[in-house]
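Read off the chains here:
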Amino acid sequence: MITFDLPPVREAHEPPEERGQARDAVRLMVSGKDTGTITHHDFTELPDLLRPGDLLVVNDSATLPAAVPLDRLAVHFSTEREDGTWLVELRRRTGDTTAPYGGGESGEWLPMPGGATLRLLGRETPRLWRARLDRDVAGYLREHGKPIRYSYVRKDWPLAAYQTVFGVRPGSAEMPSAGRPFSPEIVTGLVARGVLIATVTLHTGVASPEKDEPPYAERFSVPAQTARLVNQADGRVIAVGTTVVRALESAVVPGGRRVRAARGWTSKVVTPQEGVRVVDGLITGLHEPRSSHLLMLTAIAGEELLARSYEEAIRNAYLWHEFGDIHMIIPDQTGSI
C-alpha cells in the first residue's frame, strides 16, 4: 500500500459552497491507466473527458442524520440489521466534535433525547455495538439526529450538504461522497454526450477516521437492469465511488467477469492480489494515508501510478475528505482521455 503524509492544510474543512464555489466547482485529477499520464481539470469538464458508450455506475443511497448528541457522549447509528437492531458507535464529545469512546457494557441502557432509550446488546467489533432503540430509528433520527461530522470539518452543516444528486434511498450513515460534485447540469451533459448512467445501492456504515480498519458487512443491491448494462457495455465501466466497486464486485458471477442481480450483505475488500473483474475505472475522492480504500485504488490503478497521482495531488494543493476534490482513474488506450 502507498504511504504519504497528509498536511492539515490539504483537508477540506467545509463544503465548496462555503468557499464561494458551486457544488460542482471542485477540481478533478485524471490518471490514465494505460499511458500513465496525469492531468488536471475542473470537475465540470467531466462530460468532455468521457466517451459515448461509457457507463457510469452510481450509488443511489441517501445519507441519514445518523449522529445523536447526548450530554457527554454521541451515538452514531451505522447499520440496520435484519432483526431491527442497529450497529452503533459510541463517541465521547470533546468541545464541538467527538473522539473514540471505549466504555459501555453489555445490557447497559442509555437515555436518549426525546425520552428514548438505547440498549447495548453486545460488541459487534472492538468499535461498534449491537444495540436496540425503543422506537423506530428512521423517524427518531429525522427528529433528533444530525449528519456525522469529524474534527476536520469545523462546524455542523445541514443534511442537504451531505446528500448527492443520486441519493433516493435513505440508509447511509455517511455520505457516498464521490457523487457529491455531480450537479443536474453535469448529469445532463453526460447524457447528452452519450454516457450511460446506472445505479446500485450500498448503504455505508460508520467509518473509523482515527484508526483505519477493514469495512464490515454493509447492505447492497445490484438491480437486474444495472447488471445487464454492465454486461452489455460497449464502453468503459466506471464506478462513481468505492462503494459502487464493492457492490459490483460482490455481484460478479463466481469465477467469471459478468455481473448478476444481487442483494444482501457484503464484507468484500478489494485488494491488488484479487484485482477487479468488471470495473474499468473509478471516480472517487482522495483517501487518507493507510486507508483500506487505497488497496482498492491500487487494484485499479497499480501502485506506481497511484503513488505518482497522490504526489501530484499534494503538490498541486488538492483537497481531501468528503468536501474535497475528485480523482478519476480510467483506461486511456487511445492515448487521449
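Residues numbered from 1 in each chain as written. Predicted model: local features only at pLDDT ≥ 70, side-chain atom pairs only at ≥ 80, totals over all residues. Heavy atoms only, no water.

**Comments concerning the overall build of the protein**
Okay, so step 1: From N to C terminus, the protein includes 7 helices and 18 strands.
Okay, so step 2: Its C-alpha atoms give the protein a radius of gyration of 20 Å, near enough to 20 Å, the size a compact globule of 337 residues would have.
Okay, so step 3: Dimensions of the protein along its principal axes, counting C-alpha atoms only, are 60 × 45 × 35 Å.
Okay, so step 4: Across the 337 residues in the protein, those meeting the buried criterion constitute 54%.
Okay, so step 5: Counted over contacts in the protein with a minimum sequence separation of 6, partners at least 24 positions apart contribute 70%.
Okay, so step 6: About 14,500 Å² of surface is accessible on the protein, with carbon and sulfur atoms providing 48% of the total.
Okay, so step 7: Taking the average location of the 39 positive side-chain charges in the protein and that of its 43 negative ones, the two points are 4 Å from each other. (Helix = DSSP H or I, 4+ residues; strand = E, 2+ residues; numbered from the N terminus. Rg over C-alpha atoms; globule rule 2.2 N^0.38 Å. Buried < 20%, exposed > 50% of the residue type's maximum accessible area, 1.4 Å probe, protein only. Contact = heavy atoms within 4.5 Å. Areas by Shrake-Rupley, 256 points an atom, 1.4 Å probe, with all protein chains shown as cover. Lys, Arg positive; Asp, Glu negative; His and termini not counted. Charge placed at Lys NZ, Arg CZ, Asp CG, Glu CD.)

**Regarding the nonpolar core**
Okay, so step 1: Ranked by size, the top nonpolar core spans 43 residues in total, and within it Val-222, Val-245, Leu-248 and Tyr-310 carry the most contacts.
Okay, so step 2: When residues of this core are traced back to their parent elements, those giving at least two are β3 (55–59), β13 (196–202), β14 (218–222), α4 (224–231), β15 (237–240), α5 (242–250), α6 (293–301) and α7 (303–315).
Okay, so step 3: Tallying contributions element by element places α6 first for this core, with 6 residues.
Okay, so step 4: Residues contacting Val-245, with those up to four places away along its chain left out, are Ala-239, Val-270, Val-276, Val-279, Leu-282, Met-296 and Ile-300.
Okay, so step 5: In this structure, Ala-12, Ala-67, Val-137 and Ala-173 belong to the second largest nonpolar core, which totals 38 residues. (Core = buried A, V, L, I, M, F, W, Y, C linked by side-chain atoms within 4.5 Å.)

**Topic: the pattern of salt bridges**
Okay, so step 1: Tallied over the entire structure, the rule returns 17 salt bridges.
Okay, so step 2: A salt bridge links Glu-274 to Arg-277; the nearest nitrogen and oxygen atoms lie 3.9 Å apart.
Okay, so step 3: Residue classification places Arg-277 among the partly exposed positions, given a relative accessible area of 23%.
Okay, so step 4: Via salt bridges that share partners, Glu-249, Lys-268, Glu-274 and Arg-277 belong to a single interconnected network. (Salt bridge = Lys/Arg side-chain N within 4 Å of Asp/Glu carboxyl O.)

**What about the sheet that holds strand β18 (residues 326–330)?**
Okay, so step 1: Within the open sheet, the 9 strands sit side by side as β2-β1-β18-β17-β15-β3-β13-β14-β16. Their pairing is mixed. Strands at the two margins of the open sheet, each flanked by one partner only, are β2 (38–42) and β16 (262–266). In this sheet, neighbouring strand axes are inclined to one another by 20° on average, regardless of whether the strands run parallel or antiparallel.
Okay, so step 2: In this sheet, β16 lies alongside β14 in antiparallel orientation, the contact comprising 5 bridges. Residue Ser-221 lies in a different strand from β16, and its bridge partner there is Arg-263.
Okay, so step 3: Relative to the sheet, α4 contacts β3, β13, β14 and β15, its axis offset from that of β13 by approximately 130°. (Pairing = 2+ DSSP bridges. Axes fitted to C-alpha atoms, helices over the stretch in contact; angles between N-to-C directions.)

**A closer look at the environment of Arg-193**
Okay, so step 1: Relative to the assigned elements, Arg-193 resides in helix α3 (residues 184–193).
Okay, so step 2: Sequence separation of Arg-193 and Leu-50 is 143 residues, and the distance between their C-alpha atoms is 8.1 Å.
Okay, so step 3: Filtering out sequence-adjacent residues up to four positions away, Arg-193 remains in contact with Pro-47, Asp-48, Leu-50, Arg-51 and Pro-52.
Okay, so step 4: Of note is the side chain of Arg-193, whose polar atom sits 3.2 Å from the backbone oxygen of Pro-47. (Polar contact = N/O pair within 3.5 Å; in protein donor to acceptor, adjacent residues only side chain to side chain.)

**Considerations on the side chain of His-13**
Okay, so step 1: Among the secondary structure elements, His-13 is positioned in the segment before β1 (27–32).
Okay, so step 2: At 2.7 Å, the side chain of His-13 and the backbone oxygen of Tyr-152 are in polar contact.
Okay, so step 3: Engagement of the side chain of His-13 in a polar contact is seen with the side chain of Arg-154, the distance being 3.3 Å.
Okay, so step 4: Filtering out sequence-adjacent residues up to four positions away, His-13 remains in contact with Pro-8, Tyr-152, Val-153, Arg-154 and Trp-157.

**A look at the environment of Ala-22**
Okay, so step 1: The residue Ala-22 is located in the segment before β1 in this model.
Okay, so step 2: C-alpha of Ala-22 to C-alpha of Val-187: the two residues are 165 residues apart in sequence and 15 Å apart in space.

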